[in-house]
Amino acid sequence: MSESSAEVVANAATAAVAASAAGAAGGWRRATGIAGVAIGVVAAGAAAGVALERMTVGRGMRQKARLALDSAGPYGSLRGMPGKAFADDGTELYYEVDDLDPEAAPAAIGPRRRRLFGRKAPAPVTVVFSHGYCLSQDSWHFQRAALRGVVRTVHWDQRSHGRSGRGVAQGRDEAVTIEQLGRDLKAVIDAAAPEGPIVLVGHSMGGMTVMALADQYPELVRERVVGVAFVGTSSGRLGEVNYGLPVAGVNAVRRVLPGVLKAMGQRAELVEKGRRATADLFAGVIKRYSFASRDVDPAVARFAERMIESTPIDVVAEYYPAFNDHDKTEALAHFADLPVLVLAGVQDLVTPSEHSEAIADLLPDAELVLVPDAGHLVMLEHPEVVTDRLADLLTRTGAVPAGATVKGYGSTSSTAQPG
């Protein structure tokens, strides 16, 4: 992005703040378009904007194309056994379980394992997937498709995201914290995987949630966690991320963005109208801040857009301050003796790969995987890489038998079969 375009974005954000102050005089209605731009930026996980490349087809044609992608795309269609957990403040947390298929992985519990544990077969390993900011459990679509049947998995929606309930504490004007998300994850584990070994997998905010769990429940990690995967995440210092902007631009945006978000959260209904009106710009922002490849499947890009746009603006606003406060560097020590995968896209503008390298530096036995042509949503952009390395981690933890082959990551009905 050029310096001039960064200045335009900063000026737009400043204008949005000014518009919020003029709410009684109708200023918010005049600033609806500007609000939509800023919402798209934040919803994509970034703290700055990007200039829109003008499209050569009409708006009507673009709307028809989005509808066609929505109706034809299989992404996010996988469903499991539903369940509900309840956070310590009463928030309803939705999760789904994909159970182990004994026929798909017959070697998972062999005679030797049964003798070791006596007559009672041990509880299977459960892999718990935690998604990122403004996404949902469906963001793990490809990995879920590939692992179905071969290992027991739990996919859940973070509070106020997906099918989970609106945060009860946030209804009382209490701020969202990463610590709260760690306690939410504990509630999901207690409900969906109350016994047996666990592998924790987290993307972006989901990785931070995993760190917060370890920070508050070290005994759980010590007694039950057998492996961890951190995908495109950070242990802290997110306030230093520049989101691909020049210094002047990012400083300006940081200065005005908290006020913009607060004002938007207070005018959610009106702002949502502006968000819909700026759908084309929204799509351009998502593509820049989610993907790095030029040849991303349009259906995948639309799938990501659909997840992000479904996150209400007041939820976007109430979560944002938690990231500046996030610092769970010391909590990483709880994973020091475990098999760990740290994976990131080299061109990630939201949680730069340097943050993943910093995590790996503190966990010297971890496998560090940097994907050159990948952005923030690496598990959607390069699902084969993420699935392959995750399958290897599961083999190392004993969750997947060494003889099993995980395949068909792109299918909505794939299973893993013994090799």
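Criteria and thresholds
Residues numbered from 1 in each chain as written. Predicted model: local features only at pLDDT ≥ 70, side-chain atom pairs only at ≥ 80, totals over all residues. Heavy atoms only, no water. Helix = DSSP H or I, 4+ residues; strand = E, 2+ residues; numbered from the N terminus. Buried < 20%, exposed > 50% of the residue type's maximum accessible area, 1.4 Å probe, protein only. Contact = heavy atoms within 4.5 Å. Salt bridge = Lys/Arg side-chain N within 4 Å of Asp/Glu carboxyl O. Phe/Tyr/Trp six-rings, centres within 6.5 Å; stacked < 30°, edge-to-face > 60°. Lys NZ or Arg CZ within 6 Å of the ring centre and 35° of its normal. 1 Å grid on protein atoms, 1.4 Å probe; cavity = no way out; pocket = protein on both sides within 12 Å on 5 of 7 lines; lining within 4 Å. Points joined across faces, edges and corners; volume = space filled by probe spheres on them. Nonpolar A, V, L, I, M, F, W, Y, C, P; charged D, E, K, R; others polar. Pairing = 2+ DSSP bridges. Right-handed = clockwise from strand over helix to strand, strands pointing away. Polar contact = N/O pair within 3.5 Å; in protein donor to acceptor, adjacent residues only side chain to side chain. Axes fitted to C-alpha atoms, helices over the stretch in contact; angles between N-to-C directions. Parallel < 35°, antiparallel > 145°, perpendicular 65-115°, else oblique. Patch = residues over 30% accessible without salt bridge, like charges linked within 9 Å, V, L, I, M, F, W, Y side chains within 5 Å. Areas by Shrake-Rupley, 256 points an atom, 1.4 Å probe, with all protein chains shown as cover.

## What to know about the overall build of the protein
Right, so step 1: When helices and strands are counted, the protein shows 18 helices and ten strands.
Right, so step 2: Evaluated residue by residue, the protein yields a buried proportion of 56% over its 419 residues.
Right, so step 3: By sequence separation, contacts in the protein at least 24 residues apart represent 81% of the contacts at least 6 residues apart.

## Thoughts on the environment of G398
Right, so step 1: With respect to the secondary-structure elements, G398 resides in the loop between α18 (383-397) and β9 (404-405).
Right, so step 2: Looking at G398, the relative accessible area reads 37%, which means it is partly exposed.

## Concerning the pattern of salt bridges
Right, so step 1: For the coordinates displayed, the defined rule picks out 23 salt bridges.
Right, so step 2: Notably, a salt bridge pairs K84 with E92, separated by 3.6 Å at the nearest N-O pair.
Right, so step 3: In this structure, E96 and R144 form a salt bridge, with 2.9 Å as the shortest nitrogen-oxygen distance. Here R144 lies in helix α6 (residues 141-147) and E96 lies in strand β2 (residues 92-98), a separation of 48 residues in the sequence.
Right, so step 4: The exposure class assigned to E96 is buried, which follows from its relative accessible area of 0%.
Right, so step 5: By sharing partners, the salt bridges in this structure join R79, E96, D98, D138, R144 and R148 into a single network.

## Here's the deal with the packing of aromatic side chains
Right, so step 1: Applying the stated criterion to the full structure yields six aromatic pairs.
Right, so step 2: Centroid distance F230 to F335: 5.6 Å. Interplanar angle 70°. Geometry classified as edge-to-face. Linking F230 in strand β6 (residues 225-231) with F335 in the loop between α15 (313-325) and β7 (340-345), this pair joins segments that are 105 residues apart in sequence.
Right, so step 3: One cation-aromatic arrangement involves K186 over Y217; the distance from NZ or CZ to the ring centre is 5.2 Å.
Right, so step 4: The side chain of R288 reaches across the aromatic face of Y289, ending 5.6 Å from its centre.

## Comments concerning the side chain of H382
Right, so step 1: If you trace the backbone, H382 turns up in the loop between α17 (378-381) and α18.
Right, so step 2: Its relative accessible area of 14% is what places H382 among the buried residues.
Right, so step 3: Here H382 is in contact with S293, V371, D373 and A374, once residues within four sequence places are set aside.

## Quick notes on empty space enclosed by the protein
Right, so step 1: For the coordinates displayed, the defined rule picks out two cavities of 30 Å³ or more.
Right, so step 2: Put simply, the second largest cavity is a space of about 30 Å³.
Right, so step 3: Looking at the lining of the second largest cavity, its residues break down into two nonpolar, four polar and two charged.

## Some remarks on the pairing of strand β8 (residues 367-371)
Right, so step 1: As paired strands, β7 and β8 are joined by five bridges and run parallel to one another. The partner of V342 across the bridge, within β8, is L368.
Right, so step 2: For the crossover from β7 across helix α16 (residues 353-362) to β8, the handedness is right-handed.

## A few points about the side chain of D89
Right, so step 1: Mapped onto the fold, D89 is located in the loop between β1 (81-86) and β2.
Right, so step 2: A distance of 2.9 Å separates a polar atom in the side chain of D89 from a polar atom in the side chain of T91.
Right, so step 3: Polar side-chain contacts of D89 include one of 2.9 Å to the backbone nitrogen of A169.
Right, so step 4: With residues near it in sequence (within four places) discarded, D89 still touches R159, V168, A169 and R172.

## Let's talk about the packing of helix α8 (residues 178-192) against helix α9 (residues 205-216)
Right, so step 1: Viewed as axis vectors pointing N to C, α8 and α9 meet at an angle of 80°, and their least axial separation amounts to 7 Å. With respect to α9, the element α8 is oriented roughly perpendicular. Of α9, the residues touching α8 (which contributes I178, E179, L181, G182, R183, L185, K186 and I189) are M205, M208, T209, V210, A212, L213 and Q216.
Right, so step 2: Looking at the contact of α8 with α9 residue by residue, the class counts come to nine nonpolar, three polar and three charged.

## Thoughts on a nonpolar patch on the surface
Right, so step 1: The grouping of V346, L368 and L370 at the surface amounts to a nonpolar patch, some 210 Å² of accessible area in total.
Right, so step 2: If you trace the backbone, L368 turns up in strand β8.

## Section: the environment of F291
Right, so step 1: With respect to the helices, strands and loops of the structure, F291 is situated in the loop between α13 (279-290) and α14 (298-309).
Right, so step 2: A relative accessible area of 6% means that F291 is categorised as buried.
Right, so step 3: Through-space distance from the C-alpha of F291 to that of E381 is 6.5 Å; in sequence the pair is 90 residues apart.
Right, so step 4: Those residues in contact with F291, other than ones at most four positions away along the chain, are I286, V296, V300, A301, A304, G375, L377, L380 and E381.

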